[in-house]
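Examination of the molecular architecture
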Amino acid sequence: MLLSKNWLKRHIDFNLTDDELSEILTAIGLEVEGMESVESIKGGLKGIVCGKVETCSQHPNADRLKTTTVNVGGQVLNIVCGAPNVAAGQHVWVATEGTELYGEDGSSFTIKKTKIRGEESCGMICAEDEIGLGSSHDGIMVLPESIQPGSKASEHYEISNDIVYEIGLTPNRSDGTNHRGVAEDLAAYLKVNNYEHELHPINQNAIEYGVDSVIDIEILDSDKCPRYSGVCLEGFVIKESPTWMQHLLTAIGVKTINNIVDITNFVLHDLGQPLHAFDQSKIGGNQIKVQTLEAGTEFISLDGVNRKLLAGDLMICDGNDKPMCIGGVFGGLDSGVTEGTSSIFLESAHFEATTIRVSSTKHNLRTDAAKVFEKGSDPRITIQALDKACELLTEYADAKINGKIFDYKAKAFEPLTLDVRISRINAVIGVQMAEDKIIEILEALSMEPSRDGDTITVKVPTNKADVTREIDVIEEILRIYGFNQVGMEDSLQIPLIPSDYPSLANLRESLAEALVGAGFNEMMGLSLIESKYAESFDESQLVHIHNTSNIHLDVMRPSMLISGLVNVRHNLNYQNLDLKLFEFGKIYQSGDDYQEQELLTVFRSGSTTPQHWSQETTETTFYDLKSSIDLVLNRLGIQGYQIQKLESAELVEALEYRRGPMQLVRFGRVNQEMRARLDIKQEVYYAEFDISTLFKLYKGSNVTFSRISKFPTSQRDLALVVDNDVEYSQIEQVINKVGKGILQSVSLFDIYKSEKHLGKGKKSYAVSMTFGAEDKTLTDNELNPVMNKIIKELEAKVGAQVRK
């Protein structure tokens, strides 16, 4: 919510600096998240003065430029001008040297003394768009001769300087949706804390309404519409709203349209009562019905969208049951006010909050009116708001009231009566407040307190829809009393709560440290994705949501590969081509029940080495990804897994690591179809770890460390001929098992295939093994038996033959 200081001062006088007001607003529960200086004309026309063009001649070096001399009041300036309409004798606006001018995008530039095509220029003769007085750039502004040279432009225009506060309005603050509500809350704080101020009463002229009924109104759902007021007006003239109103609305980000629309918006933000204007000539049967319609009924809203109504949508219909408006949410295309409108019905209603919230979110129509109603509008101000609107419409639109005012009330709207205990107030706040101070605060909040012993009975104003319990009243008291007045104890007690070790947090931190140390960057993708990226999933698996903030992000991600590739694409589009990324996150799938699964994902793409004259760049390969996977598992001390091929719709060359029934990780190269779907041209490698599985194994594993031996190691190589379907991992497992205790490492350094030399269906693995001991140098007599056993086991387990 945006709050204008100038607007606020229409309701309350105070002597506070901008920062002091910000602090007080935050203290009373209206947290200021930012504040900004707003000018109706950017720069305030500073440095712009009237000048008289004394001479005007053709520029000697440019066909489209003129050289002029301009009298700006006691000083004559040489100015080069490119406007086609500049001429001697004109009175014009001149931006003098040092003046800051602003473009439409808010960027600024400073007028400097310069030379243009060899001729001196000491200022600029301005068009209206260059100084914020209009949008035309057809030529310079020519002023009346009554404006004397040297006079300041700021003296001839109504310029507004305002401070606008961005308020983080919480859902429970129904009283803070408008400037009057904030003014009353501020006045309570200033009164209790002895600040000089004056809260103005809401003064408005008495409105003379007619006595005849002009339109029939029937309320068919009083639960959803407990109060409905309205009046007809005619004979108005549609034109611009007054300047002061335009300045206030523009400051808080409301676009000004015309006097009719601007006045309804003004009343909304001034008093917190949404209004809606219907073209009376388009109300069929000259009758209004407030009712619900059958689900699926078609309704064309003001934005031209054909919407299917829900069963609970409260509709404002005409006498033919034709829907004209979703009550409290959005108007219809066929009943709105246009330039040809000659009479209107002006609605001022109080709708049930939950109904408006549901309709607003389901139809994704988050209007200002809906945001007020869903917090709980004040049912007692519908007539007051109509009075204010009619006063402004008669003054600024020449409107005439036609007929009597309509006002339906399903019940009497009286303030809620609550009891609050003084002892409870002091216990909750933690301060022994003086009883007189409590009464003073409640009186400042217009709660009409009456005391009986320890109990104070209050009447809660109807604009505080959230205050329904004793604890709510205590919160109101504390807001005005001041959180800063509640002291802190000298000592701070912190309970020591034991927790399991290792925890999931320990696992995540350990893996993040390892990956960052290996040159990876952590990313955080959205849990929401566009459903078009999840087309490969069965519809029944997807968790759809109604996202009112971004209608495109409509599915909870069923796979972290998709959201990760979106981030990869973003990086590639910004020319960050060499990627090593990881992410902790969850996936969401539907079925018999909703399921969440936490994963760790790893992405690699691009070059593994930076470009440099001393080395050639190498592209990321499958084996680079595998080394990253081994890094993760080694960090957790997880061993004894099996490597298996994996069938995947998203990956090629896919493998998985398993330990029994548990899948530790699946990985491979992202296929062309998946990359094309996101317009990614370079290869991407992907790995996906199940965090719950890693955690189970992590808790039962031990990471051991050993010192570097001072004794030399021994290396042995084997060239093994095997069948083509034998994987290297099978050979590695056999060697690790036999050589356990003295084997330090084993690696594959060559793969050779030749039907001529090896035979059909055969290949050769060249394997290097490093042996060593911590306490001695291994001899051939100790190594040879181990090597012989390795060869025998390889022959038996995988059918390997040592290549001579």
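In this report, we go over the structure that sits alongside the text. Worth saying up front: this structure is predicted, and the values here are computed from it rather than measured.

Moving on to the pattern of salt bridges. Within the structure shown, the criterion is met by 43 salt bridges. A salt bridge links arginine 180 to glutamate 184; its shortest N-O distance comes to 3.1 Å. Separated by four residues within a single helix, arginine 180 and glutamate 184 lie in helix α3 (residues 179-192), roughly one turn from each other. Note on glutamate 184: relative accessible area 33%, which makes it partly exposed.

Note that soluble globular proteins tend to have their nonpolar side chains buried in a common cluster. Ranked by internal contacts, the top residues of the largest apolar core, which has 46 residues, are Leu8, Leu25, Met433, Val458, Val473 and Ile477. In terms of residues, this core owes the most to one element, α3, which gives eight residues.

Turning our attention to the side chain of glutamate 374. Summarising the element assignment, glutamate 374 is placed in helix α7 (residues 368-375). In terms of polar contacts, glutamate 374 uses its side chain to reach the side chain of arginine 357, at 3.3 Å. Within the structure, the side chain of glutamate 374 is placed 2.8 Å from the side chain of arginine 366, a separation counted as a polar contact. Contact partners of glutamate 374, with chain neighbours within four places excluded, come to Ala353, Ile356, Arg357, Ser360 and Arg366.

With that settled, the discussion passes to the packing of aromatic side chains. For the structure on display, the rule yields 15 aromatic pairs. Ring centres of tryptophan 7 and phenylalanine 266 lie 5.0 Å apart, and the angle between their planes is 5 degrees; this geometry places the pair in the stacked category. With tryptophan 7 in helix α1 (residues 5-8) and phenylalanine 266 in helix α5 (residues 259-271), this residue pair connects regions lying 259 residues apart in the sequence. Across this residue pair, the class does not change: tryptophan 7 and phenylalanine 266 are buried.

Pairing is antiparallel across the open sheet formed by three strands, whose spatial order is β1-β14-β3. Bordering the open sheet on either side are β1 (2-4) and β3 (32-39), each of which pairs with just one other strand. When the angles between neighbouring strand axes are averaged without regard to direction, this sheet yields 25 degrees. Sheet topology note: the β1/strand β14 (residues 161-167) ladder contains three bridges and is antiparallel. Directly across from leucine 2, in β14, lies its bridge partner glutamate 166.

Moving on to helix α13 (residues 560-573). The first and last C-alpha atoms of α13 sit 20 Å apart over 14 residues, in line with the 20 Å expected at 1.5 Å per residue. Three or more residues of α13 are buried, namely Met560, Leu561, Ile562, Ser563, Gly564, Leu565, Val568, Asn571 and Leu572. Put simply, serine 559 is the residue that caps the front of α13, since its side-chain oxygen is 3.1 Å from the backbone nitrogen of leucine 561. Note on α13: the residue one or two positions beyond its end, glutamine 575, has a positive phi of about 65 degrees.

So, about the sheet that holds strand β41 (residues 743-752). Ordered in space as β41-β42-β40-β43, the four strands form an open sheet in which the pairing is antiparallel. Each edge of the open sheet is held by one strand with a lone partner, namely β41 and β43 (801-802). Judged from the 10 bridges that link them, strand β40 (residues 714-723) and strand β42 (residues 762-771) form a sheet pairing that is antiparallel. Considered in β42, the bridge of glutamine 715 is made with threonine 770. Helix-sheet contacts for helix α19 (residues 780-798) involve β40, β42 and β43, and the interaxial angle to β40 is about 15 degrees.

A few words on the packing of helix α17 (residues 728-738) against α19. Orientation of α17 relative to α19, taken along the N-to-C sense of each, is 140 degrees, at an axis distance of 9 Å. When the axis of α17 is compared with that of α19, the two are oblique. Here the hand of the crossing between α17 and α19 comes out right-handed. Listed contacts from α19 to Gln730, Ile731, Val734, Ile735 and Val738 of α17 are Val786, Lys789, Ile790, Glu793, Leu794, Lys797 and Val798. For the contact of α17 with α19, a count of residues per class yields eight nonpolar, one polar and three charged.

Another point: α3. In this model α3 runs 20 Å from its N-terminal to its C-terminal C-alpha over 14 residues, within 8% of the 20 Å that 1.5 Å per residue would give. Of all 14 residues in α3, 12 are buried; the element is thus mostly enclosed. Where α3 is concerned, the buried positions are His179, Arg180, Gly181, Val182, Ala183, Asp185, Leu186, Ala187, Ala188, Tyr189, Leu190 and Val192. Of the residues flanking the start of α3, the one acting as N-cap is asparagine 178, its side-chain oxygen 3.2 Å from the backbone nitrogen of arginine 180.

The geometry of helix α6 (residues 353-362) relative to α7 is characterised by a closest axis approach of 7 Å and an angle of 140 degrees between their N-to-C directions. In terms of orientation, α6 lies oblique with respect to α7. Considering how the two elements wind past one another, α6 and α7 form a crossing that is left-handed. The residues of α7 that touch α6, namely those facing Ala353, Ile356, Arg357 and Ser360, are Ala370, Phe373 and Glu374. Its residues assigned to classes, the contact of α6 with α7 comprises four nonpolar, one polar and two charged.

What counts, and at which threshold
- Residues numbered from 1 in each chain as written.
- Predicted model: local features only at pLDDT ≥ 70, side-chain atom pairs only at ≥ 80, totals over all residues.
- Heavy atoms only, no water.
- Salt bridge = Lys/Arg side-chain N within 4 Å of Asp/Glu carboxyl O.
- Helix = DSSP H or I, 4+ residues; strand = E, 2+ residues; numbered from the N terminus.
- Buried < 20%, exposed > 50% of the residue type's maximum accessible area, 1.4 Å probe, protein only.
- Core = buried A, V, L, I, M, F, W, Y, C linked by side-chain atoms within 4.5 Å.
- Polar contact = N/O pair within 3.5 Å; in protein donor to acceptor, adjacent residues only side chain to side chain.
- Contact = heavy atoms within 4.5 Å.
- Phe/Tyr/Trp six-rings, centres within 6.5 Å; stacked < 30°, edge-to-face > 60°.
- Pairing = 2+ DSSP bridges.
- Axes fitted to C-alpha atoms, helices over the stretch in contact; angles between N-to-C directions.
- Expected span 1.5 Å × (residues − 1).
- Parallel < 35°, antiparallel > 145°, perpendicular 65-115°, else oblique.
- Left-handed = near helix turned anticlockwise from the far one by under 90°.
- Nonpolar A, V, L, I, M, F, W, Y, C, P; charged D, E, K, R; others polar.

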